[in-house]
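Chain residues, written in single-letter form:
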Amino acid sequence: MPRAGHPAAGTLKVRDVRLRFGGVVALDGPSFEVAPGEVCGLIGPNGAGKTALFNCVSGLYRPDSGRIALDGVDLLSLRADQVAGAGVARTFQNLGLFPAQSVLENVLGGAYHRTRAGFLATGLGLPLMWREERRERERARGVLDSLGLAHLERHPASGLPLGTLKRVELARALMLRPRLLMLDEPANGLIIEEVHELAEVVRGLRTGYGFSVLLIEHHMGMVMSICDHLVVLNHGQKIADGPPDEVRNDPAVVEAYLGGSV
Amino acid sequence: MTVLLQQILDGLTAGVLYAAIALSLVLVYRTSKLVNFAQGELATFGAFLTWQFHDWGLPLSVALPASVAVSFVAGALMERTLIRPLLESSNHLGLFIVCLGVLVTLLQVEAWIWGYQVKEMPNVAEGPPIALGPTMISRQNVVIIAACVLIAVALWFLFQRTRFGLAMRAASDNTPSANLLGLPVTATLTFSWGIAAVIGTLMASLVAPNQFLQPGMLLPVLLYSVAAATLGGLDSPVGAIVGGLVVGVVENLAGTYVPGIGQDFKQAVAFAIIMIVLLARPQGLFGSRTVVRV
Amino acid sequence: MNRILRAVHKPRPSLELPAWLSLTTGVIVLGCLLYAPLISAPYANTQRALVCVYAVVGLGLHLLTGMTGQISLGHGFFFALGAYVSAVLAGTAGWPYLLAIPVAAAVGWGVGFVFGLPALRLSPLSLSVVTLALALITPSLIKRFDDVTHGARGIALDIAAPPAWTGLDRDQWVFYICLAVTTLTGVMCRLLSRGRTGRAMRGLRDNEAVATTMGIRPSTTKSFVFATSTALAAVAGVLYTYVTQFVAADAFHLTLAIAFLTMVVVGGLGSLPGVILGAIFVVYMPSWTAEINESASGLMYGVALVAFMFLMPYGVAGLLRAVGGPLLQRREQRAGQQE
């Protein structure tokens, strides 16, 4: 059930995306769709092009050809900084937090595109800036609270356990009020209890906030427990696409994972 | 016509110096990925050493090698003590600040020890200028050009024909895999800083008779050399030489023939070259394009 | 010793002093600053005014280098720009001298924005090269426009005379103007470096790709920061003419750019109070070392740049944070237990 004031979950359509770095083909035309409200797992061996695909959706990489659209909005026609406004939020494989800043400041970073006070309004201390600041602080505290991080808001982001930092990054992504949330290996480096906890959190958030999730993950336990749908990449190509149980037994997937292609 | 030819020749002679300092900038950039703004001042310091050794009564043929040897050690030491730790923590802002700090420190140490009185540096080659067709070139300038050619050939040999050069090239391309191949990467870093300092001292000592030896002698040259290295491509030794000569000629011709520029304002030409190259072709004429990955 | 070094080498968030403490400190410091000029020698007031001049430049550099992580050695150029705007408008053309401040701010902002548009697209390395080049050509640029700037001969001024009703001397009046501008600038920079814009700047500094995915447009933000910092440098240039009553090309050598950089490094990159400490260092250190040798002050700049990068990369402010942070935490914990 989507919360009031929150946009509905989005549909991501990826069509035939191709990306090369010099002579290396990173993405070789995968196409798939993430349906509204579903958790779609993007899996595959290392170097399969999963993060490259995330970067294409985020606008950090420009694919050579193909289409990426969220609810009909062509993401490839946007600048990287406009993608957030189109409803995409993401986390990073190696954490994209700002270590010297407090947890609250990090999370508030996610409010950027929802606020308008620029250099003039901020530099002169106009009421607009104070109003927005108060509103977003309140919202950030709410998000932190819902993730059980409220007591850490003034702690610097450095020096916290990895599991906590991953949740801080998640909180920041939630501040963007995304219609599509992209998580890049959220379970990486977590101990088994934390993985279960995280799976629980993501599931809960999805029902609470109502967004679609695209998830890169190697931890098969987590993938199987929360994904409604799996897309498998290998060497930049899609080799399987379907419900988790089906994909798990797909011979092409088994081969890719067991090293038949090495 | 004669004036034009003379201007071009003068430009080339000046360009040789820019090329030499640009070469040392490139050497350092290839291995350490930074522009050592202190390079020119290190060279000036070396020239002061040559002067000092000579002033103590040593003949130039002893004084020059002695100061060159000291510079090698100084350059290598700078890399080992100041640069390496920051490079390892990839603190780029820190590296930039430290290079500037070294520049200022050297400048002030020179001023402290030797003062701002211009020092008389003897020429290596005395005698009347040589006529080249309708143009004239001083014997000292012939020596300077010869020295630069020698440096270029020696570097080419070092890079292309020795195992050390292989390690150096490997270090500039990809440090981790070079380490895996068992090439002495860390040694080459230190070595290239030493060589860069040697080039600087040699050239600065040779141009000192023409350039007024005083603290900050090569600060204007630093600007032209940075322009030269940028134009040629920061990681290309060939580019540094071509860039240096081009900048020397362009600067000289612009100063003489373009109205409104004049001799004082020639520096703006270097600035314009830097700006235009960085915007239009950041990798320079001969440099390699770096792929930025997120 | 090692423990201390490690403590100072860590980036830390700024101290959040209790409100009563910052308020009382602020009131006391302001009170002293307002009263001191009345009982000090003109020379002392001139030096304090210079601290303000440097601090205004430093506040701009704090935004640019400390907050946004962009390097510039070219701010000496914009400082000179402001100084000549003041010298020409208030000196030669006879405009009211206070008008030079907004004009210089606007000119500095505009020129900085236009310069920054291409320059900020460059890599940090290239930006440092371009701005170093700008610093190196500034004196010859000034000499090139000799008919306006009078080149190396310079322009002698007679501006910023105190209004009769104040009964102040010029040095006192100028100090008050400088103090007022610095305070206003400080408040503005504090606002900018906190809220939304501050987060954008720090985001770009710490991780540009991540910041972009949050909706921050790097080119625009950097251009605005750069232009704001050059506007402040230009304003400082105006104040400089009030203090020295003279401008000439040779005041704007590379040394000036180095002094600016030293100020930010010594005070502490990314710390606003650090800027003031850095400005104090840069203004007073030469007068302390002048007796040793005339090169000693320049040498101190150079040594300070290197030494601080190794020993205290976050400057004096970083040291204060390393010492003060744990103290504050302990105090808070005690307060928490009492509740």
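Residues numbered from 1 in each chain as written. Chains lettered and ligands numbered in written order. Predicted model: local features only at pLDDT ≥ 70, side-chain atom pairs only at ≥ 80, totals over all residues. Heavy atoms only, no water.

## Looking at the confidence of the model for chain C
Residue and element names in this part refer to chain C. For chain C, the average pLDDT comes to 89, and 95% of its residues sit at 70 or higher. Model confidence for chain C, summarised as mean pLDDT per element, is weakest for helix α1 (residues 2–9) at 64 and strongest for helix α11 (residues 218–244) at 96. Confidence estimates for the predicted assembly give a pTM of 0.90 and an ipTM of 0.89. (pLDDT = per-residue confidence, 0-100. Helix = DSSP H or I, 4+ residues; strand = E, 2+ residues; numbered from the N terminus.)

## With respect to the side chain of E41(B)
All names here are of chain B. Examined against the element boundaries, E41 turns out to sit in helix α2 (residues 39–55). Within polar-contact distance, the side chain of E41 engages the backbone nitrogen of G216 at 3.2 Å. When residues no more than four places from it in sequence are discounted, the contact partners of E41 are L103, L106, L107, E110, P215, G216 and L219. (Polar contact = N/O pair within 3.5 Å; in protein donor to acceptor, adjacent residues only side chain to side chain. Contact = heavy atoms within 4.5 Å.)

## Quick notes on the interface of chain B and chain C
Opposite the 40 residues of chain B that make contact, chain C presents 40 residues. When chain B packs against chain C, close to 3,400 Å² is buried across both sides, 85% of that on carbon and sulfur atoms. For chain B, the biggest contributors to the area lost against chain C are I97(B), W112(B) and F271(B); these three give 18% of the whole. Joining chain B to chain C, the criterion identifies zero salt bridges. Our count for the contact surface shared by chain B and chain C stands at one residue pair in polar contact (both at pLDDT 80 or more). Examining the composition of the side of chain B that touches chain C, we find that 15 residues originate from one element, helix α4 (residues 92–114) of chain B, more than from any other. (Buried area = accessible area lost by both parts, 1.4 Å probe. Salt bridge = Lys/Arg side-chain N within 4 Å of Asp/Glu carboxyl O.)

## Some remarks on the domain arrangement of chain A
Residue and element names in this part refer to chain A. For chain A, the assigned domains read domain 1 (12–87 + 178–258) and domain 2 (100–164). When each unit is reduced to the centre of its C-alpha atoms, the spacing between domain 1 and domain 2 is 27 Å. On the side of domain 2, six residues touch domain 1, which itself brings nine residues to the contact. Carbon and sulfur atoms make up 69% of the surface buried where domain 1 meets domain 2, a total of about 460 Å² over both sides. The largest contributions to the domain 1 side of the interface with domain 2 come from A84, L190 and Y209, which together make up 46% of the buried area. Scanning the region where domain 1 abuts domain 2 turns up zero salt bridges. Taken together, domain 1 and domain 2 are joined by zero residue pairs in polar contact (both at pLDDT 80 or more). Taken together, the residues of the side of domain 1 that touches domain 2 sort by class into five nonpolar, three polar and one charged. (Domains from an automatic or database assignment. Nonpolar A, V, L, I, M, F, W, Y, C, P; charged D, E, K, R; others polar.)

## What about the packing of aromatic side chains?
The tally for this structure, following the rule as stated, stands at 26 aromatic pairs over all chains. Ring centres 5.5 Å apart and planes at 40° place the aromatic pair F119(A) and F224(C) in the tilted group. In this pair, F119(A) is assigned in helix α3 (residues 119–123) and F224(C) in helix α11, connecting two distinct chains. By relative accessible area, F224(C) is classed as partly exposed at 28%. Ring geometry for F48(B) versus W114(B): centroids 4.6 Å apart, planes at 10°, classification stacked. (Phe/Tyr/Trp six-rings, centres within 6.5 Å; stacked < 30°, edge-to-face > 60°. Buried < 20%, exposed > 50% of the residue type's maximum accessible area, 1.4 Å probe, protein only.)

## So, empty space enclosed by the protein
Overall, the coordinates contain six cavities of 30 Å³ or more when judged by the stated rule. A volume near 70 Å³ is recorded for the largest cavity. If you trace the largest cavity, you find it lined by L108(A), A111(A), Y112(A), T115(A), M129(A), E132(A), E133(A), E136(A), R196(C) and R199(C). Within the residue set of the lining of the largest cavity, elements represented by two or more residues are α4 (127–146) of chain A together with α9 (196–206) of chain C. (1 Å grid on protein atoms, 1.4 Å probe; cavity = no way out; pocket = protein on both sides within 12 Å on 5 of 7 lines; lining within 4 Å. Points joined across faces, edges and corners; volume = space filled by probe spheres on them.)

## Quick look at the pairing of strand β10 (residues 229–234) of chain A
Residues and elements named next belong to chain A. Along β10, six of the six residues are buried, which leaves the element largely enclosed by surrounding structure. Side chains H229, V231 and L233 of β10 all project onto a buried face; the interleaved residues L230, V232 and N234 project onto the opposite face, where all are buried too. As defined by bridge partners, strand β4 (residues 39–43) adjoins β10 across four bridges and the pair is classed as parallel. The partner of L42 across the bridge, within β10, is V231. Sheet topology note: the β10/strand β11 (residues 237–242) ladder contains five bridges and is antiparallel. In the strand pairing of β11, L230 is matched with G242. Remark: two residues form the turn of the hairpin made by β10 and β11, two consecutive strands paired antiparallel; H235 in that turn has positive phi of roughly 50°. (Pairing = 2+ DSSP bridges.)

## Some points on the sheet that holds β4(A)
All names here are of chain A. Here we have six strands laid out as an open sheet, ordered β7-β8-β9-β4-β10-β11, and mixed in their pairing. In this open sheet, the two edge strands, each paired with only one partner strand, are β7 (88–90) and β11. Neighbouring strand axes in the sheet, compared pairwise and without regard to direction, differ in orientation by 20° on average. (Axes fitted to C-alpha atoms, helices over the stretch in contact; angles between N-to-C directions.)

## Comments concerning the packing of α2(B) against helix α8 (residues 185–211) of chain B
Each pair of packed helices gets described by two things: the angle between the helix axes and the distance between those axes. All names here are of chain B. Direction vectors running N to C along α2 and α8 enclose 55°, while the axes themselves pass 7 Å from each other. By the criterion of interaxial angle, the relationship of α2 to α8 is oblique. As for how α2 packs across α8, the hand of that crossing is right-handed. Facing α2, whose interface residues are Q39, L42, A43, T44, G46, A47 and T50, α8 presents A196, A197, G200, T201, A204 and S205. Grouping the constituent residues of the contact of α2 with α8 by class yields six nonpolar, seven polar and no charged. (Parallel < 35°, antiparallel > 145°, perpendicular 65-115°, else oblique. Left-handed = near helix turned anticlockwise from the far one by under 90°.)

## Re the side chain of Q39(B)
On the secondary structure map, Q39(B) appears in helix α2. Setting aside residues no more than four positions away along its own chain, Q39(B) makes contact with S24(B), L25(B), V28(B), A196(B) and A197(B).

## Comments concerning the domain arrangement of chain C
All names here are of chain C. By the assigned domains, chain C splits into domain 1 (52–252) and domain 2 (254–339). Distance from the C-alpha centre of domain 1 to the C-alpha centre of domain 2: 21 Å. Counting residues at the interface gives 22 residues for domain 1, matched by 17 residues for domain 2. In total, domain 1 and domain 2 occlude about 1,600 Å² of area from one another, counting both sides; carbon and sulfur atoms represent 86% of this. Taken as a group, Y54, H62 and L73 account for 36% of the area that domain 1 buries against domain 2, more than any other trio of residues on that side.

## So, the nonpolar core
By size, the foremost hydrophobic cluster in this structure holds 187 residues, and its most contacted members are M203(B), Y242(C) and F252(C). Of the residues forming this core, the biggest block, 13 residues, is contributed by helix α3 (residues 42–67) of chain C. Per-domain counts for this core show at least three residues from each of domain 1 (52–252) and domain 2 (254–339) of chain C. When residues no more than four places from it in sequence are discounted, the contact partners of M203(B) are V16(B), L17(B), A20(B), I144(B), A147(B), C148(B) and I151(B). Core analysis: the second largest hydrophobic core is formed by 48 residues, L144(A), L170(A), L205(A) and C227(A) among them. (Core = buried A, V, L, I, M, F, W, Y, C linked by side-chain atoms within 4.5 Å.)

## Focus: unusual backbone geometry
All names here are of chain A. Despite not being glycine, R177 shows a phi value in the positive range, around 50°. Its place among the elements puts R177 in the loop between α5 (162–175) and β8 (180–184). The backbone of H235 shows a phi angle near 50°, a positive value even though the residue is not glycine. Within the fold, H235 resides in the loop between β10 and β11. Exposure remark for H235: the relative accessible area of 52% places this residue in the exposed category.

## Quick word on the environment of R167(A)
Residues and elements named next belong to chain A. For R167, the location among the structural elements is in helix α5. Distance in space between the C-alpha atoms of R167 and L144 is 8.9 Å, their sequence separation being 23 residues. Ignoring sequence-local partners within four residues, the contact set of R167 consists of L147, L149 and E197.

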